Amino acid sequence: MRFSSVLKFGGLTALTASLSTLAYAEGVNGPVDGEIGFQRAVTPVMESIVDLNVWLVWLMGAICVFVLVLMVYIMFRFREKANPVPSKTSHNTTIEIIWTLVPVLILLVMAVPSIKLLYAQDVIPEADLTIKATGNTWNWEYSYPDYENVDSFVSNIVDIEIDEKRTADGEALSHQEIINIIDARPADEPRLDGRPYLLATDAPLVVPVNKTVVVQVTSNNNLHAFAVPQFGIKIDAIPGRINQTYFKVNAGEEGTYYGQCSELCGIKHAFMPIEVQVVSQVEFDRWIANGGSFDTDFSQNETGGSQTAGMK
Ligand SMILES: [Cu+2]
């Protein structure tokens, strides 16, 4: 739902109808221009996050409207003309009990589902597949400890070199111009082919649909964070430590999903995207049997990243 189309709605009824869909763009993966809500949820955890958010927005909206109406009423009802002799009341025990208890109750009503959801995110269920994501400067490296025949691989952004991003006059190329340069490459080099620039990689993480995937996250150097909005996951990558999170993509939601490093980690923080290809179990088995390949060469990247790693 775009903000401009929200503005076009006149009546409250239309707004009510649109609020439930405000959270995502129907059927689209990844971010959408002008989007003000969440990306479309494809895991039970993200669905719960969206539901909680929608519910909290309604609750906060109701409180705002209530306070506003009360203030407007007071301004008119007790204005100087209508109320020349103001009340000198300074204490009212009943009112004080009410305005203490009601907010406490509201906070409790908000806290219970919030903590339930935190718990659902924090407790890692039995894994069908465990993968390890390691943050480098500046790319992600994936390994499949369950499968010895699949080498760990580095997933680099599909981009051009930074000094190619300006013309001879020093003018910055537009994103579309950069995309055109990338897509003019020969077919055996990583291209975008319709995938979003700055999110597409040369070697996506591949996982099966409708299976619990546990992600062990760590870092070789700086702090990074592994985040995929549509899965509802975001977890810090800390050198020398392993953090865990999990996701289970809903049945029928095979597709490509995108995330980004979400902890400021240095100059190319914005250029280490996360691309996850969710496939059927059959396809995944084929990918594994193939040593981590759907018959492309891009999974053969060298492991390890360094301060001087190229941006291609
Ligand atoms: Cu980063």
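Residues numbered from 1 in each chain as written. Predicted model: local features only at pLDDT ≥ 70, side-chain atom pairs only at ≥ 80, totals over all residues. Heavy atoms only, no water.

A. Layout of the pattern of salt bridges. For the structure on display, the rule yields six salt bridges. One salt bridge in this structure joins Asp-159 and Lys-165, with 2.8 Å as the shortest N-O distance. For the pair formed by Asp-159 and Lys-165, the shared burial category is buried. Ionic pairing is found between Arg-286 and Glu-283, a salt bridge with its closest N-O pair at 3.3 Å. A residue pair is termed a helical-turn pair when its members lie 3 or 4 positions apart in one helix, as Arg-286 and Glu-283 do in helix H6 (residues 281-289) at three residues. Since its relative accessible area comes to 30%, Glu-283 is described here as partly exposed. (Salt bridge = Lys/Arg side-chain N within 4 Å of Asp/Glu carboxyl O. Buried < 20%, exposed > 50% of the residue type's maximum accessible area, 1.4 Å probe, protein only. Helix = DSSP H or I, 4+ residues; strand = E, 2+ residues; numbered from the N terminus.)

B. Region of interest: the coordination of the copper ion. Within the protein, the atoms that donate to the copper ion are Cys-261 (SG), Glu-263 (O), Cys-265 (SG) and His-269 (ND1), at distances of 1.9 to 2.6 Å. The site at the copper ion holds four donor atoms, and with the angles between them running 90 to 124 degrees, its shape is tetrahedral. Mapped onto the sequence, the donors of the copper ion take the spacing C-x1-E-x1-C-x3-H. With relative accessibility at 17%, the residue His-269 sits in the buried group. (Donors = N, O, S within 2.8 Å, 3.2 Å for Na, K, Ca; no water. Tetrahedral: all angles 85-135°; square planar, octahedral: opposite > 155°, others 65-115°.)

C. The arrangement of the packing of helix H3 (residues 44-77) against helix H4 (residues 93-122) in detail. Running from amino to carboxyl end, H3 crosses H4 at an angle of 165 degrees, the nearest separation of the two axes being 10 Å. Relative to H4, the element H3 is oriented roughly antiparallel. Pair H3 / H4 crosses with left-handed handedness. Here H3 contributes Val-45, Ser-48, Ile-49, Leu-52, Trp-55, Leu-56, Leu-59 and Ile-63 to the contact with H4, which in turn contributes Ile-106, Val-109, Met-110, Pro-113, Ser-114, Leu-117 and Gln-121. The residue inventory of the contact of H3 with H4, partitioned by class, reads twelve nonpolar, three polar and no charged. (Axes fitted to C-alpha atoms, helices over the stretch in contact; angles between N-to-C directions. Parallel < 35°, antiparallel > 145°, perpendicular 65-115°, else oblique. Left-handed = near helix turned anticlockwise from the far one by under 90°. Contact = heavy atoms within 4.5 Å. Nonpolar A, V, L, I, M, F, W, Y, C, P; charged D, E, K, R; others polar.)

D. Structural detail: the packing of aromatic side chains. Evaluation of the coordinates by the stated rule reveals eleven aromatic pairs. A ring pair is formed by Phe-284 and Trp-287, whose centres lie 6.1 Å apart and whose planes are at 25 degrees; its orientation type is stacked. Placement of the pair is Phe-284 and Trp-287 together in helix H6, with a separation of three residues, close to one helical turn. With a relative accessible area of 1%, Phe-284 lands in the buried category. Here the basic side chain of Arg-77 rests over the ring of Phe-78, its NZ or CZ set 4.9 Å away from the ring centre. (Phe/Tyr/Trp six-rings, centres within 6.5 Å; stacked < 30°, edge-to-face > 60°. Lys NZ or Arg CZ within 6 Å of the ring centre and 35° of its normal.)

E. Inspection of the nonpolar core at higher detail. Counting residues in each nonpolar core, the largest one holds 37 residues, and the members touching the most others are Trp-140, Tyr-144, Phe-226 and Phe-231. Sorting elements by how many residues they give to this core places strand E10 (residues 273-279) first, with four residues. Ignoring sequence-local partners within four residues, the contact set of Phe-231 consists of Val-42, Thr-43, Val-45, Met-46, Phe-247, Val-249, Tyr-257, Val-276 and Val-278. Core analysis: the next-biggest nonpolar cluster, separate from the first, contains eleven residues, Ala-41, Val-45, Met-46 and Leu-52 among them. (Core = buried A, V, L, I, M, F, W, Y, C linked by side-chain atoms within 4.5 Å.)

F. Here's a closer look at the sheet that holds strand E3 (residues 153-155). The five strands are arranged E3-E2-E1-E5-E8 in an open sheet whose pairing can be described as mixed. Either end of the sheet is taken by a strand with one partner, and the two such strands are E3 and strand E8 (243-247). Taken over all neighbouring pairs, the strand axes of this sheet differ in orientation by 30 degrees on average, direction set aside. (Pairing = 2+ DSSP bridges.)

G. Representation of the side chain of Gln-230 within the structure. Within the secondary structure layout, Gln-230 lies in the loop between strand E6 (224-228) and strand E7 (233-237). For Gln-230, the contacting residues outside a window of four places in its chain are Val-28, Asn-29, Gly-30, Gln-39, Arg-40, Ala-41, Val-42, Thr-43, Met-46 and Tyr-257.

H. Layout of the sheet that holds E7. The sheet built from five strands is open, its strands ordered E4-E10-E9-E6-E7 with mixed pairing. Each of the sheet's edge strands pairs with one partner strand only, and the pair in question is strand E4 (205-208) and E7. The mean angle between the axes of side-by-side strands here comes to 25 degrees, regardless of whether they run parallel or antiparallel. Relative to E7, E6 runs antiparallel, the two being bridged by five bridges. Pairing of Val-228 across the sheet is with Ile-233, part of E7. Sheet contacts for H6: E4 and E10; angle to E4, the most-contacted strand, approximately 135 degrees.

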